[in-house]
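Reading the structure
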There are 2 protein chains.
Amino acid sequence: MKIVVDGFGGDHAPDAVVQGAAAAVREYGVKVVLTGDVDKLQTAFQKAQLPSKNIELVYANGVIKVEDNPMDIRTAKSGTSMGVALDLVKKGEADAIVSAGSTAALVVGGSMVIGRIKGVKRPALTPIMPNIDGKYILLDGGANLECRPEMLLQFAIMGGIYMNKVCGVSKPRVGLLNIGTEVQKGRELETEAYKLLKETPMYFIGNVEARDVPLGVCDVVVTDGFTGNIYLKAVEGMGVFMKRSLKRIFERTPASKVGYLLSQSGVKDVRRQTDYREVGGSPLLGTAKPVIKAHGSSDAKAFKNAIRQAAEFVEGGVIAEIQAALSE
Amino acid sequence: MKIVVDGFGGDHAPDAVVQGAAAAVREYGVKVVLTGDVDKLQTAFQKAQLPSKNIELVYANGVIKVEDNPMDIRTAKSGTSMGVALDLVKKGEADAIVSAGSTAALVVGGSMVIGRIKGVKRPALTPIMPNIDGKYILLDGGANLECRPEMLLQFAIMGGIYMNKVCGVSKPRVGLLNIGTEVQKGRELETEAYKLLKETPMYFIGNVEARDVPLGVCDVVVTDGFTGNIYLKAVEGMGVFMKRSLKRIFERTPASKVGYLLSQSGVKDVRRQTDYREVGGSPLLGTAKPVIKAHGSSDAKAFKNAIRQAAEFVEGGVIAEIQAALSE
């Protein structure tokens, strides 16, 4: 198993990438390829005093930035760290790609350089998110701002397979994100998608309200990329709100500081549960090879977990399963 | 000042309505009219041993339910507790209405029975929500699932006036809810609304991401009703998530239970801050008279605060101000 990681994507590249890659090689026994300025990557290894065993470095020139035209990843920016990483996957020299670089460029690169699974209309970003009991996934997290009902149907199928094969949920509960649970709720997109979803053999539980999702109402949440992105970021923002509130609670008085000492195992549990670094990143579902979008602010731990996630994505046989499901 | 309250709207009517009305009369010196089955209302007063001074009871027959066609509020259901309350406002016999009944029916009733302010395309539900430092409002919270850019412009104008006149924010910061802060982000709705918003004299801070809203990035968040409703309920769901997490933290061990005792003033502060009952309800902005939608699960405290909010809405002169702004 060989995972290529965009060596210069993300706020903390290349140091966090190098550290995460070294940890992943050690812990998961995978091989890793890092793309980018080889001298700088080597310096990062030396600085961190890390072995580069089972880590291959491949030269790439510069980085595609968030403000660049994402379409350039196919042409003018194909020689960047992300572009070269995509090309290695396309040529079969790596099994999957991880990047913390420009989301839009990675979506374009995944869809058009690596290419889509036959029959997939549009790949979907699939953040993995904590709920009160475990985790759930959301598609689309922002790759396709406007969607047709058939796209939502495909998102549901792909998400169900991922949740089953990678997360081990035997019969994933699929919900359509909506403003109410009644059948006729929502815009035309939702009412039409509802009709398509209820005709499938999936365990479609119907419309779900955003307030019930963090409480664990379903395993796969389906929506368009605009709504999904707003939902996802609202949840992120409230996660920060929660952390700041906890801080306020415990820093309030001398007594509350003692209160923290007595309660800290639980506080740490909650912090761990809502820590995106534990998850790794968001798979892009629908591409012909596994693509993992790591958070832009990923640290070494987040990169390590994103590489683990890429390996699980490969091992789960998700792509063959999606292909089979869509050809039915 | 006379506020009419739908006596039978909401999960805890009429008891919670009666108790909230009695408290509002006592604390704020307003007069209240309650609509519905007068016998049952009188029984509720007796049961709670509350005086009905300055509270008038007006007979109405039955309730419009969430599952009823909201359009019926104008016709077949005009004699219900909500229908009669709307009519009293329309006829000028009350200055404002509060209802915890069907949101859709109240939106129809506000827009079509009471009527819109001249020039308003569509009234918007305006939930008032806590952020880390205070509060902000969101329009539209769900009255108009699909919107045109001009509607978003009006929402911004109306919201800014409410925030200024009722909440005392001298120069409300208005943000357009979007998937990124860059100018060109979003769907056509956002890019077109952006152009309109930046031409106004408002303090338009540009696009805002959902993750920054709970952290206080702006005072007025503008979006379409579908997106707004999803955002709002995601925040509500995360509020419940947060409460359950706090419970888990403190119920974990004997030590953490002591930790709670030492930290409880802060915990209570956070709970109070995120308690919708403190706010009251969501104004419907754009109607010719003040309409307040109270939460369906409102208790006596929530009704009391919703009545206070209705009184502040009247006193703030919001409607005259909106009328003046739109005629410009």
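The coordinates are above.
One structure accompanies this document, and this report is about it. Residue numbers restart at each chain and count upward from 1, following the sequence in its written direction. Lettering for chains starts from A, numbering for ligands starts from 1, and both go in the order in which the items are written. Local features in this predicted model are restricted to residues whose pLDDT is 70 or higher, and side-chain atom pairs enter the listing and the counts only when it is 80 or higher, whereas totals over whole chains, interfaces and linings include all residues. Excluding hydrogens and water, the side-chain values take into account all heavy atoms of the structure.

We now examine the overall build of chain A. Comment: elements are numbered from the N terminus, with helices defined as DSSP H or I runs of at least four residues and strands as E runs of at least two. Scanning chain A from N- to C-terminus turns up eleven helices and twelve strands. Taken over C-alpha atoms, the radius of gyration is set against a globule rule of 2.2 Å times the number of residues to the power 0.38. For 328 residues, the compact-globule formula gives about 20 Å, and the C-alpha radius of gyration of chain A, at 20 Å, lands near that figure. Expressed along its principal axes, the backbone C-alpha trace of chain A runs to roughly 60 × 60 × 35 Å. Burial analysis of chain A (328 residues in total) assigns 55% to the buried set. The contact rule is simple, with two residues in contact once any of their heavy atoms fall within 4.5 Å. Sequence-distant contacts in chain A: of pairs separated by 6 or more residues, those separated by 24 or more amount to 69%. Surface exposure here means Shrake-Rupley accessible area, sampled with a 1.4 Å probe, where a residue is shielded only by the protein chains that are shown. Surface accessibility of chain A: about 13,100 Å² in total, with carbon and sulfur atoms responsible for 49%. In chain A, which carries 41 positive and 36 negative side-chain charges, the distance between the mean positions of the two groups comes to 3 Å. Note on exposure labels: buried denotes an accessible area under 20% of the residue type's maximum, exposed denotes more than 50%, and partly exposed covers the range between, all computed with a 1.4 Å probe on protein chains only. Think of it this way: Lys and Arg go in the positive column, Asp and Glu in the negative one, and His and the chain ends go nowhere. A single reference atom marks each charge: NZ on Lys, CZ on Arg, CG on Asp, CD on Glu.

With that settled, the discussion passes to the interface of chain A and chain B. Often, the extent of an interface is quoted as the loss of accessible area on bringing the components together. In this assembly, 56 residues from chain A lie in contact with 56 residues from chain B. Once two parts are put together, the accessible area they lose, assessed with a 1.4 Å probe and summed over both, is termed the buried area. Area buried by chain A at its contact with chain B is led by A:Phe226, A:Met238 and A:Phe241, which between them contribute 14% of it. Take a side-chain nitrogen of Lys or Arg and a carboxyl oxygen of Asp or Glu: if they are within 4 Å of each other, that pair is a salt bridge. Our count for the contact surface shared by chain A and chain B stands at six salt bridges. B:Lys233 is paired through a salt bridge with A:Glu209; the nearest N and O atoms lie 2.4 Å apart. Polar contact is the term for a pair of N or O atoms within 3.5 Å; when the atoms are in protein, one must be able to donate a hydrogen and the other to accept it, and sequence-neighboring residues count only if both atoms are side-chain atoms. The tally of links from chain A across to chain B stands at 13 residue pairs in polar contact (both at pLDDT 80 or more). Breaking the side of chain A that touches chain B down by element, the ones donating at least two residues are strand 8 (173–178), helix 7 (225–250) and helix 8 (254–273) of chain A. A per-element tally of the side of chain A that touches chain B places helix 7 of chain A first, with 21 residues. A breakdown of the residues in the side of chain A that touches chain B according to their chemical character gives 27 nonpolar, 16 polar and 13 charged. Each residue is assigned to one of three groups, with Ala, Val, Leu, Ile, Met, Phe, Trp, Tyr, Cys and Pro labelled nonpolar, Asp, Glu, Lys and Arg labelled charged, and all others, Gly among them, labelled polar.

All names here are of chain B. We call two strands paired when DSSP finds no fewer than two bridges between them. Across the sheet, five strands lie side by side as 6-7-10-8-9; this open sheet has mixed pairing. Only two strands of the sheet have a single neighbouring strand rather than two, namely strand 6 (128–130) and strand 9 (203–209). For this sheet, the mean inter-axis angle between neighbouring strands, taken without regard to orientation, is 30°. Sheet topology places strand 7 (residues 135–139) next to strand 10 (residues 220–222); three bridges connect them, and they run parallel. Opposite Leu138, over in strand 10, you have Val221 as the bridge partner. Axis angles are defined between N-to-C directions and span 0 to 180 degrees, where every axis is a line fitted to C-alpha atoms and, for a helix, only to the segment in contact. Running over the sheet, helix 5 (residues 149–165) touches strand 6, strand 7, strand 8 (173–178) and strand 10 and is turned about 150° from strand 7.

Quick look at the environment of A:Glu251 now. Structurally, A:Glu251 is set in the loop between helix 7 and helix 8. Filtering out sequence-adjacent residues up to four positions away, A:Glu251 remains in contact with A:Ser256 and A:Lys257.

Consider a sheet: its strands pair through backbone hydrogen bonds, and that pairing is either parallel or antiparallel. All names here are of chain A. With respect to topology, seven strands assemble into an open sheet ordered 3-2-1-4-12-11-5, the strand pairing being mixed. Two strands bound the open sheet, and with one partner strand each, they are strand 3 (55–59) and strand 5 (124–125). When strand 2 (residues 31–36) meets strand 3, the two strands line up parallel, connected through five bridges. Counterpart to Gly36 in the pairing with strand 3 is Tyr59. Each of strand 2 and strand 3 touches helix 2 (residues 38–47); the most contacted strand, strand 3, lies at about 150° to it. The strands that helix 10 (residues 300–315) touches are strand 1 (2–6), strand 2, strand 4 (96–99), strand 11 (281–285) and strand 12 (291–294); relative to strand 12, the one it contacts most, it runs at about 160°.

We now examine the relation of the copies chain A and chain B. Least squares is the method used to superpose the copies, on C-alpha atoms of residues holding a pLDDT of at least 70 in both. Least-squares fitting of chain A to chain B yields an RMSD of 0.0 Å, with the superposition described by an axial translation of 0.0 Å and a rotation of 180°. Taken together, the rotation and translation relating the two chain copies correspond to the operation of a two-fold axis. Every residue of chain A has its C-alpha some distance from the rotation axis, and the shortest such distance is that of A:Gly259, at 1.8 Å. Comparing contact sets, 100% of the residues at the interface of chain A also lie at the interface in chain B, consistent with an isologous, same-surface contact.

Attention shifts here to the pairing of strand 1 (residues 2–6) of chain B. Residue and element names in this part refer to chain B. Along strand 1, four of the five residues are buried, which leaves the element largely enclosed by surrounding structure. Sheet topology places strand 1 next to strand 2 (residues 31–36); five bridges connect them, and they run parallel. Paired with Asp6 across the bridge in strand 2 is Thr35. By convention, orient the strands away from the viewer: a clockwise path from the first strand over the helix to the second makes the crossover right-handed. For the crossover from strand 1 across helix 1 (residues 15–28) to strand 2, the handedness is right-handed. Here strand 1 pairs with strand 4 (residues 96–99) via three bridges, running parallel. Counted as the bridge partner of Val4 is Ile97 from strand 4.

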